[in-house]
Amino acid sequence: MKTIIGNWKMHLGIRESIAHARGVLRSVMGHEVLPEIVICPSFTALSEVRKVLVRTRVALGAQTMGTERFGAFTGDVSVAQLDDAGCGFVIIGHSERRAMNGESDAVVNAKMKLIAQTSLVPILCVGESKESRVAGKAEEFVAQQLGAALRGVTLTKASRLVVAYEPIWAIDTGVSATPADAVAMHGVIREALRTIGVGAAVQVLYGGSVDGANAYSFLREPGIDGVLVGGASVKIHEFEAIVNAGRDVMIAQNV
Ligand code: 13P
């Protein structure tokens, strides 16, 4: 099984989101073999998109969540509220939030602790900067990020963890990592998770300038369980091509 997640970021209003979600459904209709597909609209569109996705094979996710259970936290949305809104997934620690919204390792860790007590699946994002890669410190950096995010987090065998390797320099730049670089880092991530002793079922996805043209080259790698897609996920033909690449790989490799 491959997993394809669309992070719509701060794109699309409610009507556009409904139309786009319908477009995603149209592109998967009639196919028996399908990757797991998750779409993550803005908060404002969650409840309307949920209605579109009811009883389909496309799941709903959120782009972030707050660090508290409930209370006087203006502007925040709790994990319970996301559950209530029909989300099965939530992106945690995206590099845009780390860079622009002050989400430190401690904040990411607090969110992971909260989500571990729910049935939502965290999509935990990690990834190094260009400087870190040039300095040869990328692997160390990513392993450290994972350790910090998961410190004291209890994930049982029954829980599921999605880790998305998204090198910062590849996000929204049109310059993706090479599949070989991604595979190498995915190996580092799996090893780090083993060392930490994560018991959960883990999938490791690649994200960063994935589009319809390069998706197959990532998805065909056995070490890459799927892709987390930003810009191309709000373009229906691109997203459809990425989903089709996932199907092609699943059929060709019987995975
Ligand atoms: P792009 O696909 O636009 O590079 O964004 C990747 C990303 O940040 C997904 O979370």
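Analysis parameters
Note that residues are indexed from 1 along each chain, following the sequence as it is written. pLDDT decides what is reported in this predicted model: residues at 70 or higher carry local features, side-chain atom pairs at 80 or more are listed and counted, and totals for whole chains, interfaces and linings draw on all residues regardless. Water and hydrogen atoms play no part in the side-chain values, which are based on all heavy atoms of the structure. Any carboxyl oxygen of Asp or Glu within 4 Å of a side-chain nitrogen of Lys or Arg constitutes a salt bridge here. Under the DSSP-based scheme used, a helix requires at least four consecutive residues in state H or I and a strand at least two consecutive residues in state E, with every element numbered from the N terminus. In this scheme, a helix's expected span is set at 1.5 Å multiplied by one less than its residue total. To sort residues, take the accessible area from a 1.4 Å probe on protein chains only and compare it with the maximum for the residue type: under 20% means buried, over 50% means exposed, and anything in between is partly exposed. For this quantity, the arc is that covered by the directions from the helix axis to the C-beta atoms. By definition, residues are in contact when any of their heavy atoms lie within 4.5 Å. Only buried residues count toward a nonpolar core. Its members are Ala, Val, Leu, Ile, Met, Phe, Trp, Tyr and Cys residues joined through side-chain atoms within 4.5 Å.

Engineer: Break down the pattern of salt bridges for me, with residues and values.
Structural biologist: Counted by the stated rule, this structure contains 9 salt bridges. Between D105 and R98 there is a salt bridge; the shortest N-O distance is 3.0 Å. Linked by salt bridges that have partners in common, R97, E103 and K111 make up one network.

Engineer: Lay out helix α8 (residues 179-196) in plain terms, naming residues and giving numbers.
Structural biologist: For α8, spanning 18 residues, the distance from its first C-alpha to its last is 25 Å, which sits close to the expected 26 Å at 1.5 Å a residue. All buried positions along α8 are accounted for by A182, M185, H186, V188, I189, A192 and L193. Each buried residue of α8 lies within a common arc of 160 degrees when the element is viewed along its axis, so the set occupies one face. Turned more than 90 degrees off the buried face of α8, the exposed positions are A180, R194 and T195. Check the buried side of α8 and you find it contacts β5 (121-126), α6 (130-134), α7 (138-150), β6 (160-165), β7 (201-207) and α9 (215-219). Looking one or two residues beyond α8, the residue adopting positive phi is G197, at roughly 85 degrees.

Engineer: Which residues make up the nonpolar core, and what values go with them?
Structural biologist: Residues M112, L124, L146, L150, L161, I189 and Y206 are the most contacted members of the largest nonpolar core, which totals 68 residues. When residues of this core are assigned to their parent elements, the largest contribution, 6 residues, is made by α8. The residues contacting M112, other than those within four sequence positions of it, are I92, P122, L124, A149, L150, V153 and L161. Counting 12 residues, the second largest nonpolar core, distinct from the first, contains I5, C40, I91 and I123.

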